[in-house]
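Chain residues, written in single-letter form:
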Amino acid sequence: MKVSDYVKDKIGSLPKGYVFTYEEFITEANSREAIIKTLNRMADSGQIAKLSKGKFYKPEKTPFGSLLPNQRQIVKDYLEKEGRVLIGYLTGYSVYNQLGLSTQVGNIIQIGTNTWRPSMKRDRYVVVFMKQKNNITRENIPLLQLLDSIKNIKNIPDAPVVKSCKRFLSLFQDLSDEQIVTAIRLSMKYPPSTRSLLGAIVDQVKPNIDTSLLLKSLNPITKYKIGISKRVLLHVEKWNLQ
């Protein structure tokens, strides 16, 4: 089979919006150069679309134009290495909508990672990397996303602090005791204001859980200006929240 036919057949079997590179087409019988030429030709003719250098996708076409891949596909090479080893997770602007904290969907993709990287562009998106001091595992990603959101509560688009706090109360109410205990442990590597707000949330929704570790980690004379009152969080005074 000709290289061009092989590439076209394989692309035909891929789902729309799937991001791929030439490496996924290399076999013992196919040369790198021939594959790259075929992919570039297909991109030039509109059969596939180019996301960035060496990255392509099969666009989903609508009456309003072609759709970009979802955000996870766009940055999947920064989330998993070779599709197996976890190296990052979507966070910040990328998950506020998913968590019900904001209705806005912007052009910034934020990734939590243990290794800092400079920001970059990929198609119409700006990809920003946020340093995560905890080890990243599949099990703790949802908790890290929550803690990242609490950390940035004053910067969530189209979301007043009071509204966000009420949403966090609901989200933490749905977590198991084990998950909340894990969140408390993970929060030790976050700023004091994050630990303070987490403590007030946990005290309210899960009063049976011991939050003394959080309280002891805070300076008792420091005030944390979040913009919240005890009409929303009952224990703001205990946690020095304002």
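Residues numbered from 1 in each chain as written. Predicted model: local features only at pLDDT ≥ 70, side-chain atom pairs only at ≥ 80, totals over all residues. Heavy atoms only, no water.

Undergrad: Could you clarify how one ought to interpret the overall build of the protein chain in this entry?
TA: When helices and strands are tallied, the protein chain shows nine helices and 11 strands. What you see for the protein chain is a C-alpha radius of gyration of 22 Å, clearly larger than the 18 Å of a compact globule of 242 residues, by over 25%. Projected onto the principal axes, the alpha-carbon positions of the protein chain cover approximately 70 × 40 × 30 Å. Split into buried and exposed, the 242 residues of the protein chain put 46% on the buried side. Within the protein chain, residue pairs in contact and separated by at least 24 positions form 55% of the contacts whose partners lie at least 6 positions apart. For the protein chain, the separation between the mean place of its 38 positive charges and that of its 21 negative charges on side chains is 6 Å. (Helix = DSSP H or I, 4+ residues; strand = E, 2+ residues; numbered from the N terminus. Rg over C-alpha atoms; globule rule 2.2 N^0.38 Å. Buried < 20%, exposed > 50% of the residue type's maximum accessible area, 1.4 Å probe, protein only. Contact = heavy atoms within 4.5 Å. Lys, Arg positive; Asp, Glu negative; His and termini not counted. Charge placed at Lys NZ, Arg CZ, Asp CG, Glu CD.)

Undergrad: Honestly, the nonpolar core in this entry has me stumped. Any pointers?
TA: Where a protein is soluble and globular, its nonpolar side chains tend to be buried together. Ranked by size, the top nonpolar core spans 59 residues in total, and within it Ile111, Phe172, Leu197, Ile201, Ile228, Leu233 and Leu241 carry the most contacts. The contact partners of Leu241, leaving out residues within four places of it in the chain, are Ser196, Leu197, Ala200, Tyr224, Ile226, Ile228, Leu233 and Val236. Core analysis: the second largest hydrophobic core is formed by 12 residues, Ile11, Phe20, Tyr22 and Leu39 among them. (Core = buried A, V, L, I, M, F, W, Y, C linked by side-chain atoms within 4.5 Å.)

Undergrad: Whenever I open this one, the packing of helix H5 (residues 141-151) against helix H6 (residues 161-173) confuses me. Can you help?
TA: What describes two packed helices is the angle between their axes and the distance between those same axes. Two elements in contact, H5 and H6, have axes whose closest approach is 12 Å; the angle formed by their N-to-C orientations is 160 degrees. Overall, the two elements H5 and H6 adopt an arrangement that is roughly antiparallel. Seen from above, H5 lies across H6 with left-handed handedness. For the pair H5 and H6, contact is made by Leu146, Ser149 and Ile150 and by Phe168, Leu171 and Phe172, respectively. Looking at side-chain class alone, the contact of H5 with H6 contains five nonpolar, one polar and no charged residues. (Axes fitted to C-alpha atoms, helices over the stretch in contact; angles between N-to-C directions. Parallel < 35°, antiparallel > 145°, perpendicular 65-115°, else oblique. Left-handed = near helix turned anticlockwise from the far one by under 90°. Nonpolar A, V, L, I, M, F, W, Y, C, P; charged D, E, K, R; others polar.)

Undergrad: Even after reading the chapter, I still don't get the environment of Ala49, so can you show me in this structure?
TA: Structurally, Ala49 is set in strand E2 (residues 49-52). Filtering out sequence-adjacent residues up to four positions away, Ala49 remains in contact with Lys55, Phe56, Tyr57 and Pro59.

Undergrad: I'm lost on H5 in this one. Help?
TA: Residues spaced three or four apart along an α-helix face the same direction, because each turn holds 3.6 residues. With nine of its 11 residues buried, H5 lies for the most part within the structure. Of all the positions in H5, only Ile141, Leu143, Leu144, Gln145, Leu146, Leu147, Asp148, Ser149 and Ile150 are classed as buried. Contacts made by the buried residues of H5 are with strand E7 (85-86), strand E8 (88-91), helix H4 (93-96), H6, helix H7 (177-187) and helix H8 (192-205).

Undergrad: Hey, could you run me through the pairing of E8 in this one?
TA: The side chains of a regular strand alternate between both faces of the sheet. Neither face of E8 is open: one carries Gly88 and Leu90, the other Tyr89 and Thr91, and all of them are buried. Of the strand pairs in this sheet, E8 and strand E9 (residues 108-113) are connected by four bridges, and their pairing is antiparallel. Bridged to Leu90 within E9 is Ile111. (Pairing = 2+ DSSP bridges.)

Undergrad: In this structure, what is going on with the sheet that holds strand E3 (residues 55-57)? I would like to understand it.
TA: Within a beta sheet, neighbouring strands are joined by backbone hydrogen bonds and run either parallel or antiparallel to one another. Within the open sheet, the three strands sit side by side as E1-E3-E2. Their pairing is antiparallel. Sheet topology places strand E1 (19-21) and E2 at the edges, where each strand pairs with a single neighbour. Neighbouring strand axes in the sheet, compared pairwise and without regard to direction, differ in orientation by 40 degrees on average.

Undergrad: Just checking my understanding: could you explain H6 for this structure?
TA: For H6, spanning 13 residues, the distance from its first C-alpha to its last is 18 Å, which sits close to the expected 18 Å at 1.5 Å a residue. Restricting attention to buried positions, one finds in H6 the residues Val161, Ser164, Cys165, Phe168, Leu169, Leu171 and Phe172. Projection of H6 onto a plane perpendicular to its axis shows the buried side chains occupying an angular sector of 165 degrees, all on one side. Looking at the buried residues of H6, the elements they touch are H5, H7 and H8. (Expected span 1.5 Å × (residues − 1). Arc of directions from axis to C-beta.)

Undergrad: In this structure, what is going on with the pattern of salt bridges? I would like to understand it.
TA: Pairs may arise between side chains of opposite charge once their charged atoms sit close together. Within the structure shown, the criterion is met by seven salt bridges. Across the salt bridge formed by Lys238 and Asp203, the nearest N and O atoms sit 2.8 Å from each other. Here Lys238, found in the segment after helix H9 (212-216), pairs with Asp203, found in helix H8; they are 35 residues apart in sequence, far enough to count as distant. When salt bridges that share partners are traced, they join Lys55, Asp77 and Arg122 into one network. (Salt bridge = Lys/Arg side-chain N within 4 Å of Asp/Glu carboxyl O.)

Any link to function would need more than the numbers given here.
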